[in-house]
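If you want the building blocks of each chain, they are given just below.
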Amino acid sequence: MNEPLRIGVAGLGTVGAGVVRLLQQNADMITKRAGRPIHVVAVNARDKEKARGFSFEDIEWNDDAASLASHRDIEVFVELIGGDEGVAKVAVEKAIQSGKHVVTANKALLAIHGHAMAEAAETAAVTLRFEAAVAGGIPVVKALTESLAGDRIKQVYGVMNGTCNYILTKMESTGKDYQDIFDEARDLGYLEADPKLDVGGIDAGHKLALLASIAFGNRVDFRGMDIEGIEQITFEDIQLAGDMGYRIKLLGIARMSERGLEQRTQPCLVPKDSPPGWIENATNIVVLEGEETGQVFLQGAGAGQGPTSTAVLGDLIDIARGRRISTFGQAASSLTKATPVQDGRDVAYYVRLRILDEPGALAKIAAAFGDAGVSIHRLRQYGRRIDDVSATVLIVTYQTSRQKIKHSLTAVRQSGMTIKPIVSIRIEDV
Ligand SMILES: NC(=O)c1ccc[n+]([C@@H]2O[C@H](COP(=O)([O-])OP(=O)(O)OC[C@H]3O[C@@H](n4cnc5c(N)ncnc54)[C@H](OP(=O)(O)O)[C@@H]3O)[C@@H](O)[C@H]2O)c1
(Lines give C-alpha, C1' and ligand atoms only; values in the text may rest on other atoms or scores of the structure.)
Protein backbone atom coordinates (compact mmCIF):
# COMPACT_ATOMS: atom_id res chain seq x y z
CA MET A 1 0.00 0.00 0.00
CA ASN A 2 1.28 3.47 -0.90
CA GLU A 3 1.91 5.97 1.88
CA PRO A 4 -1.28 7.79 2.89
CA LEU A 5 -1.77 11.48 2.16
CA ARG A 6 -1.96 13.02 5.63
CA ILE A 7 -4.28 15.98 6.05
CA GLY A 8 -5.50 18.38 8.73
CA VAL A 9 -9.01 19.85 8.52
CA ALA A 10 -9.86 23.21 10.14
CA GLY A 11 -13.56 24.03 10.33
CA LEU A 12 -16.03 21.21 10.92
CA GLY A 13 -19.30 22.87 9.95
CA THR A 14 -21.42 22.04 6.91
CA VAL A 15 -18.45 21.48 4.59
CA GLY A 16 -15.68 20.38 6.98
CA ALA A 17 -17.76 17.72 8.71
CA GLY A 18 -18.95 16.53 5.29
CA VAL A 19 -15.38 16.13 4.04
CA VAL A 20 -14.29 14.01 7.02
CA ARG A 21 -17.52 11.95 6.91
CA LEU A 22 -17.14 11.20 3.18
CA LEU A 23 -13.45 10.34 3.58
CA GLN A 24 -14.45 7.77 6.21
CA GLN A 25 -17.58 6.51 4.45
CA ASN A 26 -15.96 6.11 1.00
CA ALA A 27 -12.43 5.27 2.12
CA ASP A 28 -12.01 2.22 -0.17
CA MET A 29 -13.22 3.96 -3.31
CA ILE A 30 -11.19 7.11 -2.60
CA THR A 31 -8.03 5.06 -1.91
CA LYS A 32 -8.37 3.28 -5.26
CA ARG A 33 -8.97 6.49 -7.17
CA ALA A 34 -6.28 8.51 -5.37
CA GLY A 35 -3.78 5.64 -5.51
CA ARG A 36 -3.32 5.87 -1.75
CA PRO A 37 -5.42 6.44 1.36
CA ILE A 38 -6.27 9.96 2.49
CA HIS A 39 -5.84 10.02 6.24
CA VAL A 40 -7.24 12.75 8.51
CA VAL A 41 -4.51 13.28 11.11
CA ALA A 42 -6.02 16.17 13.05
CA VAL A 43 -9.02 18.50 13.04
CA ASN A 44 -9.91 21.87 14.51
CA ALA A 45 -13.08 23.87 15.15
CA ARG A 46 -14.33 26.08 17.98
CA ASP A 47 -16.37 23.57 19.97
CA LYS A 48 -14.67 20.29 20.82
CA GLU A 49 -17.82 18.78 22.32
CA LYS A 50 -20.15 19.22 19.33
CA ALA A 51 -21.28 16.04 17.54
CA ARG A 52 -20.04 16.18 13.93
CA GLY A 53 -21.50 13.07 12.30
CA PHE A 54 -18.16 11.24 11.85
CA SER A 55 -15.89 9.10 13.99
CA PHE A 56 -13.06 10.79 15.92
CA GLU A 57 -11.17 7.50 16.27
CA ASP A 58 -7.48 8.04 15.37
CA ILE A 59 -8.11 11.75 14.79
CA GLU A 60 -6.28 14.27 16.95
CA TRP A 61 -8.13 17.40 18.14
CA ASN A 62 -6.22 20.65 17.78
CA ASP A 63 -7.40 23.81 19.56
CA ASP A 64 -5.81 26.26 17.18
CA ALA A 65 -6.23 26.40 13.39
CA ALA A 66 -2.84 28.10 12.83
CA SER A 67 -1.01 25.46 14.85
CA LEU A 68 -2.85 22.71 12.93
CA ALA A 69 -1.74 24.46 9.72
CA SER A 70 1.91 23.84 10.60
CA HIS A 71 1.40 20.39 12.18
CA ARG A 72 4.51 18.39 11.39
CA ASP A 73 2.55 15.25 10.48
CA ILE A 74 0.33 16.76 7.78
CA GLU A 75 1.05 17.43 4.11
CA VAL A 76 -2.23 19.18 3.30
CA PHE A 77 -4.11 21.79 5.29
CA VAL A 78 -7.83 21.96 4.48
CA GLU A 79 -9.33 25.33 5.43
CA LEU A 80 -13.13 25.23 5.86
CA ILE A 81 -13.66 28.00 8.41
CA GLY A 82 -14.54 30.90 6.11
CA GLY A 83 -14.04 34.67 6.14
CA ASP A 84 -11.57 36.89 4.32
CA GLU A 85 -9.64 37.91 7.43
CA GLY A 86 -8.90 36.49 10.85
CA VAL A 87 -8.18 32.90 11.64
CA ALA A 88 -8.76 31.48 8.14
CA LYS A 89 -6.27 33.92 6.59
CA VAL A 90 -3.67 33.47 9.33
CA ALA A 91 -3.93 29.68 9.13
CA VAL A 92 -3.70 29.48 5.31
CA GLU A 93 -0.65 31.78 5.31
CA LYS A 94 0.94 29.69 8.04
CA ALA A 95 0.27 26.45 6.16
CA ILE A 96 1.90 27.80 2.99
CA GLN A 97 4.93 29.12 4.91
CA SER A 98 5.22 25.70 6.55
CA GLY A 99 5.34 23.95 3.17
CA LYS A 100 1.85 22.41 3.30
CA HIS A 101 -0.49 22.17 0.33
CA VAL A 102 -3.78 23.97 0.92
CA VAL A 103 -7.32 23.12 -0.13
CA THR A 104 -10.03 25.65 0.69
CA ALA A 105 -13.67 26.45 -0.11
CA ASN A 106 -13.19 30.05 0.97
CA LYS A 107 -14.06 32.37 -1.95
CA ALA A 108 -14.05 35.50 0.22
CA LEU A 109 -10.44 34.86 1.28
CA LEU A 110 -9.19 34.12 -2.22
CA ALA A 111 -11.13 36.93 -3.92
CA ILE A 112 -9.28 39.41 -1.71
CA HIS A 113 -5.93 37.73 -1.02
CA GLY A 114 -5.82 35.10 -3.77
CA HIS A 115 -3.01 36.63 -5.79
CA ALA A 116 -0.67 37.09 -2.80
CA MET A 117 -1.48 33.57 -1.63
CA ALA A 118 -0.88 32.07 -5.08
CA GLU A 119 2.52 33.82 -5.20
CA ALA A 120 3.38 32.57 -1.70
CA ALA A 121 2.32 29.02 -2.64
CA GLU A 122 4.55 29.14 -5.70
CA THR A 123 7.52 30.37 -3.70
CA ALA A 124 6.96 27.58 -1.18
CA ALA A 125 6.46 25.03 -4.00
CA VAL A 126 3.06 23.96 -2.67
CA THR A 127 -0.35 23.69 -4.29
CA LEU A 128 -3.31 25.92 -3.38
CA ARG A 129 -6.63 24.58 -4.74
CA PHE A 130 -10.19 25.91 -4.42
CA GLU A 131 -12.70 23.98 -6.56
CA ALA A 132 -15.35 24.10 -3.79
CA ALA A 133 -15.12 27.88 -3.52
CA VAL A 134 -16.89 28.50 -6.84
CA ALA A 135 -20.39 27.12 -7.37
CA GLY A 136 -20.06 24.28 -4.82
CA GLY A 137 -20.41 20.94 -6.57
CA ILE A 138 -20.06 22.27 -10.13
CA PRO A 139 -16.55 21.45 -11.42
CA VAL A 140 -16.01 24.83 -13.04
CA VAL A 141 -12.51 25.58 -11.76
CA LYS A 142 -11.26 22.29 -13.21
CA ALA A 143 -13.13 22.91 -16.46
CA LEU A 144 -11.37 26.26 -16.90
CA THR A 145 -7.89 25.37 -15.62
CA GLU A 146 -7.72 21.98 -17.33
CA SER A 147 -10.22 21.06 -20.04
CA LEU A 148 -10.46 24.54 -21.58
CA ALA A 149 -6.84 25.56 -20.90
CA GLY A 150 -6.16 25.49 -24.65
CA ASP A 151 -8.96 27.84 -25.61
CA ARG A 152 -9.14 31.63 -25.51
CA ILE A 153 -12.09 32.47 -23.27
CA LYS A 154 -14.37 35.23 -24.55
CA GLN A 155 -16.67 35.52 -21.57
CA VAL A 156 -17.73 33.80 -18.39
CA TYR A 157 -21.18 34.36 -16.97
CA GLY A 158 -23.75 32.73 -14.82
CA VAL A 159 -26.01 32.59 -11.82
CA MET A 160 -23.71 31.81 -8.91
CA ASN A 161 -25.65 32.58 -5.76
CA GLY A 162 -28.36 30.03 -5.02
CA THR A 163 -29.97 32.15 -2.30
CA CYS A 164 -30.60 35.10 -4.62
CA ASN A 165 -31.94 32.80 -7.30
CA TYR A 166 -34.21 31.12 -4.76
CA ILE A 167 -35.58 34.52 -3.67
CA LEU A 168 -36.15 35.74 -7.23
CA THR A 169 -37.82 32.54 -8.45
CA LYS A 170 -40.01 32.35 -5.32
CA MET A 171 -41.09 35.96 -5.80
CA GLU A 172 -42.03 35.06 -9.35
CA SER A 173 -43.97 31.90 -8.48
CA THR A 174 -45.81 33.29 -5.42
CA GLY A 175 -46.32 36.93 -6.37
CA LYS A 176 -44.90 37.93 -2.98
CA ASP A 177 -42.54 40.82 -2.54
CA TYR A 178 -38.82 40.73 -1.75
CA GLN A 179 -39.04 41.14 2.03
CA ASP A 180 -41.52 38.26 2.51
CA ILE A 181 -39.38 35.78 0.58
CA PHE A 182 -36.18 37.10 2.17
CA ASP A 183 -37.70 36.28 5.61
CA GLU A 184 -38.66 32.79 4.40
CA ALA A 185 -35.14 32.19 3.05
CA ARG A 186 -33.68 33.27 6.39
CA ASP A 187 -36.01 30.89 8.28
CA LEU A 188 -34.89 28.06 5.97
CA GLY A 189 -31.25 28.79 6.83
CA TYR A 190 -30.40 29.80 3.24
CA LEU A 191 -28.77 33.11 4.17
CA GLU A 192 -25.22 33.75 5.37
CA ALA A 193 -24.86 35.18 8.91
CA ASP A 194 -24.40 38.52 7.12
CA PRO A 195 -27.19 38.40 4.49
CA LYS A 196 -25.59 41.29 2.57
CA LEU A 197 -23.01 38.76 1.33
CA ASP A 198 -25.80 36.94 -0.51
CA VAL A 199 -28.45 39.50 -1.42
CA GLY A 200 -25.90 42.30 -1.88
CA GLY A 201 -24.20 40.31 -4.67
CA ILE A 202 -20.87 40.06 -2.81
CA ASP A 203 -20.67 36.25 -2.63
CA ALA A 204 -21.44 35.89 -6.34
CA GLY A 205 -18.90 38.63 -7.02
CA HIS A 206 -16.18 36.74 -5.12
CA LYS A 207 -16.80 33.66 -7.27
CA LEU A 208 -16.83 35.59 -10.53
CA ALA A 209 -13.54 37.35 -9.66
CA LEU A 210 -11.88 33.94 -9.17
CA LEU A 211 -13.21 32.57 -12.46
CA ALA A 212 -12.21 35.73 -14.35
CA SER A 213 -8.64 35.35 -13.13
CA ILE A 214 -8.39 31.82 -14.55
CA ALA A 215 -10.26 32.69 -17.73
CA PHE A 216 -8.29 35.82 -18.64
CA GLY A 217 -4.95 35.36 -16.88
CA ASN A 218 -5.34 38.47 -14.74
CA ARG A 219 -4.63 38.90 -11.05
CA VAL A 220 -7.86 38.29 -9.17
CA ASP A 221 -9.45 41.73 -8.78
CA PHE A 222 -12.61 41.67 -6.69
CA ARG A 223 -12.34 45.39 -5.92
CA GLY A 224 -12.52 46.26 -9.62
CA MET A 225 -15.92 44.63 -9.93
CA ASP A 226 -19.24 46.41 -10.33
CA ILE A 227 -21.60 44.94 -7.72
CA GLU A 228 -25.28 45.48 -7.07
CA GLY A 229 -27.69 43.37 -5.03
CA ILE A 230 -31.27 42.28 -5.54
CA GLU A 231 -32.81 44.29 -2.67
CA GLN A 232 -34.47 46.82 -5.03
CA ILE A 233 -36.28 44.21 -7.13
CA THR A 234 -40.05 44.07 -6.68
CA PHE A 235 -42.64 41.57 -7.86
CA GLU A 236 -43.80 44.28 -10.26
CA ASP A 237 -40.36 44.27 -11.94
CA ILE A 238 -40.44 40.48 -12.27
CA GLN A 239 -43.92 40.67 -13.78
CA LEU A 240 -43.08 43.48 -16.23
CA ALA A 241 -39.90 41.67 -17.30
CA GLY A 242 -41.89 38.46 -17.72
CA ASP A 243 -44.42 40.18 -19.99
CA MET A 244 -41.53 41.06 -22.30
CA GLY A 245 -40.08 37.52 -22.36
CA TYR A 246 -37.39 38.08 -19.72
CA ARG A 247 -36.58 36.90 -16.20
CA ILE A 248 -34.61 38.83 -13.61
CA LYS A 249 -31.48 37.04 -12.42
CA LEU A 250 -28.47 38.06 -10.34
CA LEU A 251 -26.04 37.64 -13.22
CA GLY A 252 -22.28 37.57 -12.90
CA ILE A 253 -20.54 38.40 -16.16
CA ALA A 254 -16.84 38.88 -16.97
CA ARG A 255 -15.34 39.82 -20.32
CA MET A 256 -11.87 40.91 -21.39
CA SER A 257 -11.41 43.40 -24.23
CA GLU A 258 -8.56 45.60 -25.50
CA ARG A 259 -9.85 48.24 -23.06
CA GLY A 260 -9.53 45.97 -20.05
CA LEU A 261 -11.55 43.71 -17.80
CA GLU A 262 -15.29 44.18 -17.39
CA GLN A 263 -16.61 42.33 -14.33
CA ARG A 264 -20.12 42.88 -13.06
CA THR A 265 -22.48 41.11 -10.69
CA GLN A 266 -25.92 42.68 -10.72
CA PRO A 267 -29.59 41.93 -11.35
CA CYS A 268 -30.18 41.72 -15.11
CA LEU A 269 -33.04 40.93 -17.43
CA VAL A 270 -32.09 37.80 -19.35
CA PRO A 271 -34.18 36.03 -22.01
CA LYS A 272 -36.41 33.32 -20.52
CA ASP A 273 -34.98 30.77 -22.93
CA SER A 274 -31.30 31.57 -22.24
CA PRO A 275 -29.22 29.35 -19.88
CA PRO A 276 -29.39 31.80 -16.94
CA GLY A 277 -33.09 32.32 -17.70
CA TRP A 278 -34.05 28.69 -17.25
CA ILE A 279 -32.41 28.25 -13.82
CA GLU A 280 -34.84 27.70 -10.93
CA ASN A 281 -34.55 27.97 -7.14
CA ALA A 282 -31.11 27.45 -5.56
CA THR A 283 -29.50 25.89 -8.65
CA ASN A 284 -26.40 27.53 -10.13
CA ILE A 285 -25.31 27.76 -13.75
CA VAL A 286 -21.98 28.85 -15.20
CA VAL A 287 -21.45 29.42 -18.91
CA LEU A 288 -17.89 29.38 -20.25
CA GLU A 289 -17.59 30.75 -23.76
CA GLY A 290 -14.41 29.93 -25.64
CA GLU A 291 -13.35 31.11 -29.09
CA GLU A 292 -12.98 27.55 -30.36
CA THR A 293 -15.23 25.60 -27.99
CA GLY A 294 -18.23 27.90 -28.10
CA GLN A 295 -20.53 27.81 -25.10
CA VAL A 296 -20.11 25.22 -22.35
CA PHE A 297 -22.89 25.13 -19.73
CA LEU A 298 -22.26 23.76 -16.26
CA GLN A 299 -25.32 23.50 -14.08
CA GLY A 300 -25.93 21.98 -10.66
CA ALA A 301 -25.87 22.43 -6.90
CA GLY A 302 -23.88 25.50 -5.96
CA ALA A 303 -23.90 24.76 -2.24
CA GLY A 304 -24.81 22.17 0.39
CA GLN A 305 -22.81 19.57 2.26
CA GLY A 306 -22.65 16.76 -0.30
CA PRO A 307 -21.80 18.81 -3.39
CA THR A 308 -19.32 21.16 -1.70
CA SER A 309 -17.53 18.42 0.24
CA THR A 310 -17.22 16.38 -2.96
CA ALA A 311 -15.48 19.32 -4.64
CA VAL A 312 -12.98 19.46 -1.74
CA LEU A 313 -12.38 15.71 -2.14
CA GLY A 314 -11.65 16.19 -5.85
CA ASP A 315 -8.84 18.63 -4.98
CA LEU A 316 -7.47 16.28 -2.30
CA ILE A 317 -7.47 13.32 -4.68
CA ASP A 318 -5.59 15.42 -7.25
CA ILE A 319 -2.91 16.19 -4.65
CA ALA A 320 -2.76 12.53 -3.59
CA ARG A 321 -2.21 11.60 -7.25
CA GLY A 322 0.68 14.04 -7.37
CA ARG A 323 -0.97 16.50 -9.77
CA ARG A 324 0.29 20.05 -9.37
CA ILE A 325 -1.63 22.86 -11.05
CA SER A 326 -1.00 26.56 -10.44
CA THR A 327 -3.73 28.19 -8.35
CA PHE A 328 -5.13 30.28 -11.21
CA GLY A 329 -4.06 27.93 -14.02
CA GLN A 330 -0.73 29.64 -14.77
CA ALA A 331 2.29 30.86 -12.81
CA ALA A 332 1.23 33.66 -10.45
CA SER A 333 4.11 35.79 -11.77
CA SER A 334 2.58 35.59 -15.28
CA LEU A 335 -0.85 36.90 -14.21
CA THR A 336 -1.31 40.47 -15.41
CA LYS A 337 -2.87 43.42 -13.62
CA ALA A 338 -5.99 44.13 -15.65
CA THR A 339 -7.45 47.60 -16.13
CA PRO A 340 -11.00 47.60 -14.75
CA VAL A 341 -13.54 48.73 -17.34
CA GLN A 342 -16.51 50.43 -15.71
CA ASP A 343 -18.39 51.40 -18.83
CA GLY A 344 -18.53 48.02 -20.55
CA ARG A 345 -20.43 47.13 -23.69
CA ASP A 346 -23.61 49.05 -24.47
CA VAL A 347 -26.86 47.30 -23.57
CA ALA A 348 -30.55 48.14 -23.49
CA TYR A 349 -31.99 49.14 -20.10
CA TYR A 350 -35.24 48.41 -18.35
CA VAL A 351 -36.32 51.44 -16.31
CA ARG A 352 -39.30 51.50 -13.95
CA LEU A 353 -40.47 54.77 -12.50
CA ARG A 354 -43.44 56.00 -10.58
CA ILE A 355 -44.39 59.39 -11.95
CA LEU A 356 -46.87 62.02 -10.87
CA ASP A 357 -49.93 61.43 -13.00
CA GLU A 358 -50.34 64.96 -14.33
CA PRO A 359 -50.35 66.56 -17.76
CA GLY A 360 -46.92 66.84 -19.37
CA ALA A 361 -45.17 64.48 -16.94
CA LEU A 362 -44.53 61.80 -19.50
CA ALA A 363 -43.23 64.32 -22.03
CA LYS A 364 -40.73 65.67 -19.48
CA ILE A 365 -39.51 62.15 -18.71
CA ALA A 366 -39.11 61.32 -22.39
CA ALA A 367 -37.22 64.60 -22.92
CA ALA A 368 -34.80 63.76 -20.09
CA PHE A 369 -33.83 60.56 -21.91
CA GLY A 370 -33.62 62.30 -25.28
CA ASP A 371 -31.43 65.11 -23.92
CA ALA A 372 -28.98 62.52 -22.54
CA GLY A 373 -28.79 60.86 -25.97
CA VAL A 374 -30.75 57.75 -24.94
CA SER A 375 -33.35 56.49 -27.42
CA ILE A 376 -36.50 54.92 -26.04
CA HIS A 377 -37.57 51.65 -27.61
CA ARG A 378 -40.71 51.13 -25.58
CA LEU A 379 -42.61 53.37 -23.16
CA ARG A 380 -45.73 52.34 -21.37
CA GLN A 381 -47.74 53.98 -18.62
CA TYR A 382 -49.82 51.78 -16.36
CA GLY A 383 -52.99 53.33 -14.89
CA ARG A 384 -53.25 54.92 -11.47
CA ARG A 385 -53.08 51.95 -9.19
CA ILE A 386 -51.89 52.71 -5.72
CA ASP A 387 -52.52 56.22 -4.51
CA ASP A 388 -54.49 57.90 -7.31
CA VAL A 389 -51.80 60.53 -7.89
CA SER A 390 -49.08 58.50 -9.51
CA ALA A 391 -48.63 55.84 -12.17
CA THR A 392 -46.00 53.28 -13.03
CA VAL A 393 -44.07 53.93 -16.21
CA LEU A 394 -41.99 51.27 -17.90
CA ILE A 395 -39.28 52.38 -20.29
CA VAL A 396 -37.09 50.10 -22.34
CA THR A 397 -34.22 51.91 -24.02
CA TYR A 398 -32.22 50.99 -27.08
CA GLN A 399 -28.63 49.97 -26.46
CA THR A 400 -26.76 52.73 -24.72
CA SER A 401 -23.78 53.37 -22.50
CA ARG A 402 -23.86 53.26 -18.73
CA GLN A 403 -22.74 56.87 -18.67
CA LYS A 404 -25.70 58.02 -20.78
CA ILE A 405 -28.24 56.07 -18.78
CA LYS A 406 -26.83 57.60 -15.61
CA HIS A 407 -27.18 61.10 -17.03
CA SER A 408 -30.73 60.46 -18.18
CA LEU A 409 -31.77 59.12 -14.76
CA THR A 410 -30.24 62.13 -13.03
CA ALA A 411 -32.25 64.38 -15.34
CA VAL A 412 -35.41 62.37 -14.66
CA ARG A 413 -34.92 62.81 -10.91
CA GLN A 414 -34.32 66.53 -11.37
CA SER A 415 -37.54 66.87 -13.38
CA GLY A 416 -39.50 66.58 -10.13
CA MET A 417 -41.96 64.24 -11.83
CA THR A 418 -41.00 61.02 -10.04
CA ILE A 419 -42.01 60.04 -6.52
CA LYS A 420 -40.21 56.76 -5.80
CA PRO A 421 -36.72 55.41 -6.28
CA ILE A 422 -36.10 54.66 -9.93
CA VAL A 423 -35.24 51.07 -10.77
CA SER A 424 -32.94 50.58 -13.75
CA ILE A 425 -31.74 47.13 -14.81
CA ARG A 426 -29.42 46.07 -17.62
CA ILE A 427 -30.88 43.80 -20.27
CA GLU A 428 -28.23 41.19 -21.08
CA ASP A 429 -29.14 39.28 -24.22
CA VAL A 430 -26.88 36.35 -23.34
N1 LIG B 1 -21.99 25.65 3.07
C2 LIG B 1 -21.86 25.59 1.76
O3 LIG B 1 -22.71 25.04 1.05
C4 LIG B 1 -20.64 26.17 1.11
C5 LIG B 1 -20.54 26.13 -0.30
C6 LIG B 1 -19.39 26.62 -0.91
C7 LIG B 1 -18.38 27.16 -0.14
N8 LIG B 1 -18.52 27.22 1.23
C9 LIG B 1 -17.42 27.80 1.99
O10 LIG B 1 -16.90 26.80 2.88
C11 LIG B 1 -16.41 27.41 4.05
C12 LIG B 1 -17.09 26.77 5.26
O13 LIG B 1 -18.48 26.98 5.15
P14 LIG B 1 -19.52 26.17 6.07
O15 LIG B 1 -20.84 26.39 5.44
O16 LIG B 1 -19.05 24.79 6.32
O17 LIG B 1 -19.44 27.02 7.40
P18 LIG B 1 -20.03 26.64 8.84
O19 LIG B 1 -21.01 25.56 8.75
O20 LIG B 1 -20.41 27.93 9.48
O21 LIG B 1 -18.74 26.06 9.59
C22 LIG B 1 -17.68 26.85 9.96
C23 LIG B 1 -16.74 26.03 10.83
O24 LIG B 1 -15.63 26.84 11.20
C25 LIG B 1 -15.43 26.74 12.58
N26 LIG B 1 -14.87 27.98 13.09
C27 LIG B 1 -15.42 29.21 13.10
N28 LIG B 1 -14.56 30.09 13.66
C29 LIG B 1 -13.48 29.38 14.00
C30 LIG B 1 -12.26 29.70 14.64
N31 LIG B 1 -12.01 30.97 15.04
N32 LIG B 1 -11.35 28.73 14.84
C33 LIG B 1 -11.63 27.46 14.46
N34 LIG B 1 -12.76 27.09 13.85
C35 LIG B 1 -13.67 28.05 13.63
C36 LIG B 1 -16.78 26.45 13.20
O37 LIG B 1 -16.58 25.79 14.45
P38 LIG B 1 -17.78 25.26 15.38
O39 LIG B 1 -18.51 24.24 14.55
O40 LIG B 1 -17.11 24.65 16.54
O41 LIG B 1 -18.62 26.45 15.69
C42 LIG B 1 -17.40 25.54 12.14
O43 LIG B 1 -17.03 24.22 12.38
C44 LIG B 1 -16.68 28.91 3.90
O45 LIG B 1 -15.55 29.53 3.36
C46 LIG B 1 -17.81 28.95 2.88
O47 LIG B 1 -17.86 30.15 2.15
C48 LIG B 1 -19.62 26.74 1.84
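Predicted model only: the values in this text are computed from it and were never measured.

Scoring rules and cut-offs
Residues numbered from 1 in each chain as written. Predicted model: local features only at pLDDT ≥ 70, side-chain atom pairs only at ≥ 80, totals over all residues. Helix = DSSP H or I, 4+ residues; strand = E, 2+ residues; numbered from the N terminus. Rg over C-alpha atoms; globule rule 2.2 N^0.38 Å. Buried ≥ 20, exposed ≤ 12 C-beta atoms within 10 Å, placed from the backbone. Contact = placed C-beta atoms within 7 Å. Near = placed C-beta within 6 Å. Nonpolar A, V, L, I, M, F, W, Y, C, P; charged D, E, K, R; others polar. Pairing = 2+ DSSP bridges. Axes fitted to C-alpha atoms, helices over the stretch in contact; angles between N-to-C directions. Core = buried A, V, L, I, M, F, W, Y, C linked by C-beta atoms within 7 Å. Domains from an automatic or database assignment. Parallel < 35°, antiparallel > 145°, perpendicular 65-115°, else oblique. Left-handed = near helix turned anticlockwise from the far one by under 90°.

Asker: Explain the overall build of the protein here, please?
Answerer: Within the protein, the regular secondary structure consists of 14 helices and 16 strands. Relative to the 2.2 N^0.38 estimate, which gives 22 Å for 430 residues, the radius of gyration of the protein is 24 Å and therefore close to what a compact globule would have. In terms of its C-alpha atoms, the protein occupies a principal-axis envelope of roughly 85 × 45 × 35 Å. Scored against the burial criterion, the 430 residues of the protein give a buried share of 48%. Considering only contacts within the protein whose residues lie at least 6 apart along the sequence, 76% involve residues at least 24 apart.

Asker: Explain the site of the ligand to me, please; I cannot follow it from the model alone.
Answerer: Around the ligand, a shell composed of 26 residues is seen, among which G13, R46, G82, A105 and A303 lie nearest. A total of three residues in the shell around the ligand trace back to one element, the largest contributor, which is helix α1 (residues 14–25). Of the residues that constitute the shell around the ligand, the class distribution is 12 nonpolar, 10 polar and four charged.

Asker: How should the sheet that holds strand β5 (residues 101–104) be read in this particular structure?
Answerer: Whether parallel or antiparallel, the strands of a sheet pair through hydrogen bonds between backbone atoms. In space, the six strands of this open sheet follow the order β3-β2-β1-β4-β5-β6, with parallel pairing throughout. Unpaired on one side and paired on the other, β3 (60–61) and β6 (128–129) mark the two borders of the sheet. Bridge count for β5 against β6 is two bridges, and the pairing is parallel. Looking at the pairing, V102 lines up with L128 of β6. Where helix α12 (residues 305–320) meets the sheet, it contacts β1 (5–10), β2 (38–44), β4 (76–79), β5 and β6, and its direction lies at approximately 165 degrees from that of β5.

Asker: It is not clear to me how the nonpolar core should be interpreted in this structure. Could you clarify?
Answerer: One broad trend across soluble globular proteins is that nonpolar side chains are buried collectively. Within the largest apolar cluster, 135 residues are counted, with the highest numbers of intra-cluster contacts made by I7, V9, V78, I167, L211 and V312. When residues in this core are grouped by element, the largest group, nine residues, is from helix α10 (residues 202–216). Taken together, domain 1 (152–302) and domain 2 (348–427) each give at least three residues to this core, which thus spans both. Residues in contact with I167, not counting those within four places in the same chain, are Y178, I181, F182, A185 and I230.

Asker: I keep staring at the packing of helix α13 (residues 361–371) against helix α14 (residues 402–414) and nothing clicks. Help me out?
Answerer: Each pair of packed helices gets described by two things: the angle between the helix axes and the distance between those axes. Following both chains from N to C, one finds α13 and α14 inclined at 150 degrees, their axes separated by 8 Å at the closest point. Classified by the angle between their axes, α13 and α14 sit roughly antiparallel to one another. For the pair α13 and α14, the crossing hand works out as right-handed. Note on element contacts: α14 touches α13 through S408, A411 and V412, opposite I365, A368, F369 and D371. Split into classes, the residues belonging to the contact of α13 with α14 amount to five nonpolar, one polar and one charged.

Asker: Help me understand the domain arrangement of the protein in this model?
Answerer: It is common to give the size of an interface as the accessible area lost on bringing the parts into contact. Each assigned domain of the protein is listed with its residue range as follows: domain 1 (152–302) and domain 2 (348–427). Summarising the inter-unit geometry, the C-alpha centres of domain 1 and domain 2 are found 25 Å apart. On the side of domain 2, eight residues touch domain 1, which itself brings 11 residues to the contact. At the level of secondary structure, the elements contributing two or more residues to the side of domain 1 that touches domain 2 comprise α11 (235–243), β9 (246–257) and β10 (260–271). Of the residues that constitute the side of domain 1 that touches domain 2, the class distribution is seven nonpolar, two polar and two charged.

Asker: Explain the environment of E122 to me, please; I cannot follow it from the model alone.
Answerer: Among the structural elements, E122 can be located in helix α5 (residues 107–123). Using a count of 17 C-beta atoms within 10 Å as the deciding quantity, one classes E122 as partly exposed. Remark: the alpha-carbon pair of E122 and A212, spanning 90 residues in sequence, is separated by 20 Å. Leave out the neighbours within four places in its chain, and E122 touches A331 and A332.

Asker: Explanation requested: the pairing of strand β11 (residues 283–290) in the structure shown.
Answerer: Walk down a regular strand and you will see the side chains alternate between the two sheet faces. Here six bridges tie strand β7 (residues 153–159) to β11, and the two strands are oriented antiparallel to one another. Paired with I153 across the strands is G290, a residue of β11. Bridge count for β11 against strand β12 (residues 294–301) is eight bridges, and the pairing is antiparallel. Directly across from L288, in β12, lies its bridge partner V296. Here β11 folds back onto β12, and the loop between the two strands holds three residues.

Asker: What's the story with the packing of α5 against α10 in this structure? I'm lost.
Answerer: It is the contact of α5 with α10, at a shortest axis distance of 9 Å, that shows an interaxial angle of 50 degrees. Between α5 and α10, the angle is such that the two are oblique. Where α5 crosses over α10, the handedness of that crossing is left-handed. In contact with K107, A108, L110, A111 and G114 of α5, α10 contributes H206, K207, A209 and L210. The residue makeup of the contact of α5 with α10, split by class, is five nonpolar, two polar and two charged.

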